[in-house]
Amino acid sequence: MDLLNRFLRPVLGSVRARLALIQALLFLSLLLISLIAWRAISDERASGTKLAQLSRAERYEMSADSMREALESDVNQALRVDLQDTEDLAKVLATAHENYTLLAADLTALADLDLPPAVGKKLAENSQIAKGYATLAVKMVTTAVHDRAQALHLYPEFTATFDALGDVNEESAALLDKEVAAAETNTIREAASAHKLIVVCSIVTVLIVCLLVALIGRSIRISLGKVRDAARALAAGNLSVRSEVASLDEVGELAGAVNKMADELQVTIGRLLADADRDAFSAKITQALEMADSEDDVYGVVSRAMEQISGHPTELLLADANQSSLKRAVTHPTAGAPSCNVESASNCAAVRRAAPVVFEDSESLDACPRLRNRTCGPISAACVPVSFMGRAFGVLHVTASIHKPPAAKQLAQLKTLGLQAGARVGAVRALARTHMHAYTDSLTGLKNRRAFEQQIDELTAGGSAYAVALTDLDKFKSLNDTHGHKAGDEALRLFAEVLKRTIRNADVAARWGGEEFSILFVGASAQKASEIVHRIRAELAESLLTSGTPPFTASFGLSDSSMGSSFGEVLRVADQALYRSKTAGRDRLSIGPAAAESLSEHASERDQASSSSAMAIR
Ligand code: GH3
Ligand code: MG
Ligand code: MG
C-alpha cells in the first residue's frame, strides 16, 4: 500500500485525479475488451469468409462440371445420325455456344475467388483443361454442322479430353470438399475461441480494474480515516492532536483545515484558560485584600502574591500618605528587591505612561535610565504603576535576566496585583483619613472627646491603674474678647502643642470641648501624674514667652483609678478637683475629691465650693 502510495502520490495528488484515474481505467478496460472482441470477431469472420469462398468455388466447380456434361451432350447431339436438319443443328450449335459461355463464366468466377493457394493452383489447372475441352466441343459442334464425318474424326480426342476433365474435376471436388470441411471446422473453432477470449479478457480486465479501484478507494479511505481520527480526538478535547495527512488533494486540504481549526481552538482555549487563571488570581487577591484592614496587612498580601507570581526580584515602591517620595513598602520574600532608586512616582516611566512598561535590555537606548549600571549587570525589567482613583502613587518593579522579561501571564498578574493593591492601600488610607477626621479635633490636632472616651476602654481594661486630669483655660472668654477669636484659636493650638510634647507617649491628651482638655495618664497614680501636670504648666508659661500669643493660664483637676469604682466616677472626681482649682483662684492643680462630700453630691453640686481635705496646688 505504501509502495502504491509512493508511486501514486506524485501523479495522483488529488482525489479528483484518483477518480479520473478510475474513470480512465474503466474506459480503457472497455476499449480493451472491445478490441479483443473485434479482433476475435474479425478472425471468426475471416474464417467464415474463407468458408464462403470455398463453398462458392465448390458451386462454380459443380456448375462447370455440369457444363462439361452439357457440352458433351451437345457434341453427341450434333453427331447424331438422325439429326441432319440444318435448323436443328443450328439450335445445337447455339446451345453449345451458350454452354461454352456459361462454362467460361464459371471458370472466370472461379479464377476471381480468393482461395487457398493449393486450391487455386488446382483450379487454375482445371480451368486450362476445361477451356481446351469447351473450345474442342464448340469446334466439333461447328464442324458437325458442316461435316459430320470430319467431326467424328475428332471425337476420340474429345472423349479423352472429356474424361481427363472429369478426372481433374473429381480431384478438384475432393480437394474442395476437404478444404470446406477444414474451413468449417476452423470457423467453428474460431468462433468458440473468440467467445472464450472475450469472456476471459472481460473477467480479467474487470478484476484488474476492480482491484485498482479498490486500492485507490482504500487509499482515499485511509486518508479520510486519519483526518476523521484527528477530528474525533480534537472533539474529545485532545487539542495537541494534528492530522498527518499532507497530500495535495481535497483530503489534504481537509486535514489542513482541521489542523488550522485545532490551532485556533488551542489559541482561543489558551486565552480563555489564561483569562480564567487571571480571574482566579484576581479573585484570590480580592479576597485576601478584603481581609486586609491596614496597610501592613495589604503589604503582607502583596508579599505573598509576589512569591506566587514569580521568583524574580520584585518590590513595591509607594509614596506614603503625606509625601510624594517613593519608599520600598514590600520586597519579594525570597528573591529580594531590584532596588530601583526612583525618587517619586512622577519620575517613574510606568507612572508617566499610566501603563505597564517592559524593558528587554537595560542597556538599550530606550530603556529606563534607572536600570543602567546596576551591580547585577544588564537586565530586563517590568514596571507596573500602582494607582488609586486615577492617581498613581507607586510602582511594582520586577527585574529578570536580560532579554527574558516577565512572561505575559506574570505581567498580567502584576497588573492585577498593582491595580488591586493600589485600590486597597488607597481605600485603607482614605478610611484612616476619615477615621482621623472623625476622632481628631481639627483646630488642635488632638483627639476629640469621642476618641478619648473610646480609648479609655482599651487603656483601662484589665483593671490597670490610671490617672485623669481635666483642664480648663482661665478667663478665656476675656482673652477672646480682648485679642480676638483668632488669637483665642492660636492660644488653644499652643496649649495643645504643649500637651503633646509634655505628656508621655503612652498617655493620651484630648480636647474635651471649648477651652477644656482631658489627659489620661496610663499606669500612673494621681501623685505621679501631678508631676507631669506641673511640667505642662511650666512648659505653657515658657512657651508663652516666645510665641507671641497673649498670655493665659490653665486650671487642672486630677484624680486616679483608686478614687472611683468606674471611669465615670474617677472623671467626676477630677471635675470636682478642677472646680476647686477655679474657685480657689485658677492657674492651679487640685487633686482628688473633697473629703466631706460624696462623689455623687459633687457631681450635682458643681457650683458649690469644696475645700477641706482636697489638695490645691499652685
Ligand atoms: P473661666 O476661667 O471661669 O473658665 O472663664 P472662661 O472665660 O474661660 O469661661 P467661659 O465659659 O465663660 O468662657 C469660655 C470661652 O471659651 C467662651 C468661648 O468663646 C471660648 N471658646 C470656646 N471654644 C473656643 C474656640 O474654639 N476658639 C476660641 N477662640 N474661643 C473658644
Ligand atoms: Mg470652660
Ligand atoms: Mg475657662
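What counts and what doesn't
- Sequence order sets the numbering: in each chain, residues are counted from 1 along the sequence as written.
- Both sets of labels track the order of writing: A upward for chains, 1 upward for ligands.
- Reporting in this predicted model follows two pLDDT cut-offs: at least 70 for local features of residues, and 80 or more for side-chain atom pairs to be given and counted; totals over whole chains, interfaces and linings ignore these cut-offs and use all residues.
- To obtain the side-chain values, all non-hydrogen atoms of the structure were included, while hydrogens and water were left out.
- Stacked, tilted and edge-to-face are the three classes assigned to paired rings of Phe, Tyr and Trp, where Trp is represented by its six-membered ring and a pair needs centres within 6.5 Å; plane angles under 30 degrees give stacked, over 60 edge-to-face, the rest tilted.
- Labels follow the DSSP assignment, with helices taken as runs of H or I lasting at least four residues and strands as runs of E lasting at least two, numbered in each case from the N terminus.
- A 1.4 Å probe rolled over the protein chains alone gives each residue an accessible area, and that area as a share of the maximum for its type sets the label: buried under 20%, exposed over 50%, partly exposed in between.
- Any N, O or S atom lying within 2.8 Å of the metal counts as a donor, with the limit raised to 3.2 Å for Na, K and Ca; because water is left out of the atom set, some sites can appear incomplete.
- DSSP bridges decide pairing: two strands pair if at least two such bridges lie between them.
- Each axis is a line fitted through C-alpha atoms, taken for helices only over the stretch in contact, and angles between the N-to-C directions span 0 to 180 degrees.
- Counting rule for disulfides: a pair of cysteine sulfur atoms within 2.5 Å.
- For the domains described, the bounds stem from an automatic or database domain assignment.
- To be near a molecule or strand, a residue needs just one of its heavy atoms within 4 Å of it.
- Polar contact is the term for a pair of N or O atoms within 3.5 Å; when the atoms are in protein, one must be able to donate a hydrogen and the other to accept it, and sequence-neighboring residues count only if both atoms are side-chain atoms.
- Any residue that is not Ala, Val, Leu, Ile, Met, Phe, Trp, Tyr, Cys, Pro, Asp, Glu, Lys or Arg is counted as polar, Gly included; the first ten are nonpolar and the last four charged.
- An angle counts as roughly parallel when it lies under 35 degrees, as roughly antiparallel when it exceeds 145, as roughly perpendicular when it falls between 65 and 115, and as oblique in every other case.
- In what follows, residue pairs with any heavy atoms lying within 4.5 Å of each other are defined as contacts.
- Here the expected length of a helix is defined as 1.5 Å per residue gap, with one fewer gap than residues.
- Scored from 0 to 100, pLDDT records how confident the predictor is in each individual residue.
- Criterion for a salt bridge: a side-chain nitrogen of Lys or Arg within 4 Å of a carboxyl oxygen of Asp or Glu.

**As for the packing of aromatic side chains**
Two aromatic rings, taken as a pair, are described by how far apart their centres are and by the angle between their planes.
Here comes step 1: Tallying each qualifying case throughout the model produces eight aromatic pairs.
Here comes step 2: Where tyrosine 155 meets phenylalanine 158, the ring centres are 6.1 Å apart and the plane angle is 35 degrees; that geometry is what we call tilted. Of this pair, tyrosine 155 and phenylalanine 158 both sit in helix H5 (residues 148-235), three residues apart, which is roughly one turn of that helix.
Here comes step 3: Since its relative accessible area comes to 27%, tyrosine 155 is described here as partly exposed.

**Considering the coordination of the magnesium ion (ligand 2)**
Here comes step 1: Surrounding the magnesium ion (ligand 2) are the protein donor atoms Asp472 (OD) and Glu515 (OE), at 2.2 to 2.5 Å.
Here comes step 2: Taken as a pair, the magnesium ion (ligand 2) and the magnesium ion (ligand 3) show a spacing of 3.5 Å, with aspartate 472 coordinating each metal. A residue pair is termed long-range when its members are at least 10 positions apart, and aspartate 472 in strand S7 (residues 466-473) and glutamate 515 in the loop between strand S8 (508-513) and strand S9 (516-522) qualify at 43 residues.
Here comes step 3: When its relative accessible area of 9% is taken as the criterion, aspartate 472 is described as buried.

**Here's the deal with the sheet that holds strand S5 (residues 391-401)**
Here comes step 1: Within the open sheet, the five strands sit side by side as S2-S1-S5-S4-S3. Their pairing is antiparallel. Whereas interior strands pair on both sides, the edge strands pair on one side only; in this sheet they are strand S2 (326-331) and strand S3 (357-359). Going across the sheet, the axis of each strand differs from the next one's by a mean of 20 degrees, ignoring polarity.
Here comes step 2: Taken together, the five bridges between strand S1 (residues 314-319) and S2 define a ladder with antiparallel strand orientation.

**With respect to the state of the cysteines**
Here comes step 1: Tallied over the entire structure, the rule returns zero disulfides.
Here comes step 2: Left without a disulfide partner, cysteine 368 is nearest to the cysteine sulfur of cysteine 340, which lies 6.1 Å away.
Here comes step 3: Taking the relative accessible area as the measure of exposure, cysteine 368 reaches 13% and is therefore buried.
Here comes step 4: Of all cysteine sulfurs in the structure, the one in cysteine 348 sits closest to cysteine 383, which takes part in no disulfide; the separation is 5.3 Å.

**A look at the domain arrangement of the chain**
Here comes step 1: Here the chain is partitioned into domain 1 (2-221), domain 2 (291-433) and domain 3 (440-617).
Here comes step 2: A C-alpha centroid distance of 159 Å is found between domain 1 and domain 3.

**A closer look at the site of ligand 1**
Here comes step 1: Around ligand 1, 16 residues are found, and the nearest of them are Lys475, Phe476, Asn480, Arg511 and Arg586.
Here comes step 2: The contact in question runs from an oxygen atom of ligand 1 to an N or O atom on the side chain of arginine 511, over 2.7 Å.
Here comes step 3: Looking at the shell around ligand 1, the elements that each hand over two or more residues are S7, helix H11 (476-483) and helix H12 (485-502).
Here comes step 4: Here the element with the most residues in the shell around ligand 1 is H12; it accounts for four residues.
Here comes step 5: Residue composition of the shell around ligand 1, grouped by class: three nonpolar, four polar and nine charged.

**Considerations on the coordination of the magnesium ion (ligand 3)**
Here comes step 1: Surrounding the magnesium ion (ligand 3) are the protein donor atoms Asp472 (OD), Leu473 (O) and Glu515 (OE), at 2.0 to 2.2 Å.
Here comes step 2: Read N to C, the donor residues that coordinate the magnesium ion (ligand 3) are spaced as D-L-x41-E.

**Observations concerning the packing of helix H7 (residues 295-309) against helix H9 (residues 408-439)**
Here comes step 1: In contact at an axis separation of 10 Å, H7 and H9 are set at 175 degrees when each is read in the N-to-C sense. Between H7 and H9, the interaxial angle falls into the category roughly antiparallel. Counted together, Glu295, Val298, Tyr299, Val302, Ala305 and Ile309 of H7 and Gln410, Gln413, Leu414, Leu417, Ala421, Arg424, Val425, Val428 and Arg429 of H9 form the full contact between these two elements.
Here comes step 2: Looking at side-chain class alone, the contact of H7 with H9 contains 10 nonpolar, two polar and three charged residues.

**Topic: H7**
The α-helix advances 3.6 residues per turn, and as a result positions three or four apart in sequence lie on the same side.
Here comes step 1: Here H7 is 15 residues long and its end C-alpha atoms lie 21 Å apart, about the 21 Å a rise of 1.5 Å per residue gives.
Here comes step 2: Those residues of H7 not exposed but buried are Val298, Tyr299, Val301, Val302, Ser303, Ala305, Met306 and Ile309.

**Here's the deal with the confidence of the model for the chain**
Here comes step 1: Taken as a whole, the chain shows an average pLDDT of 86; of its residues, 94% reach a score of 70 or greater.
Here comes step 2: Scored below 50 in pLDDT, residues 596-614 makes 34 contacts in the model with residues more than four places away or belonging to other chains.

**Some details on the pairing of S7**
Here comes step 1: Among the eight residues in S7, eight count as buried, and that is most of the element.
Here comes step 2: Burial along S7 is two-sided: Tyr466, Val468, Leu470 and Asp472 and Ala467, Ala469, Thr471 and Leu473, pointing in opposite directions, are all buried.
Here comes step 3: Pairing analysis gives seven bridges linking S7 to S9, with the strands arranged antiparallel. Looking across to S9, one finds that leucine 470 is bridged to serine 518.
Here comes step 4: Relative to strand S10 (residues 554-560), S7 is paired through seven bridges, and the arrangement is antiparallel. Note on S10: the bridge partner recorded for valine 468 is serine 559.

**Re the pattern of salt bridges**
Think of it this way: side chains of opposite charge can pair up when their charged atoms draw near.
Here comes step 1: Scanning the model with the defined rule gives 23 salt bridges in all.
Here comes step 2: Among the salt bridges present, the one from glutamate 531 reaches lysine 528, with a minimum N-O distance of 3.7 Å. One end of the pair, glutamate 531, and the other, lysine 528, are both in helix H13 (residues 526-547), three residues apart, so they sit about a helical turn from each other.
Here comes step 3: Here arginine 537 and aspartate 587 are joined by a salt bridge, their closest N and O atoms 3.2 Å apart. Pair noted here: arginine 537 is in helix H13 and aspartate 587 is in the loop between helix H14 (567-583) and strand S11 (589-591), with a separation of 50 residues, a long-range link.

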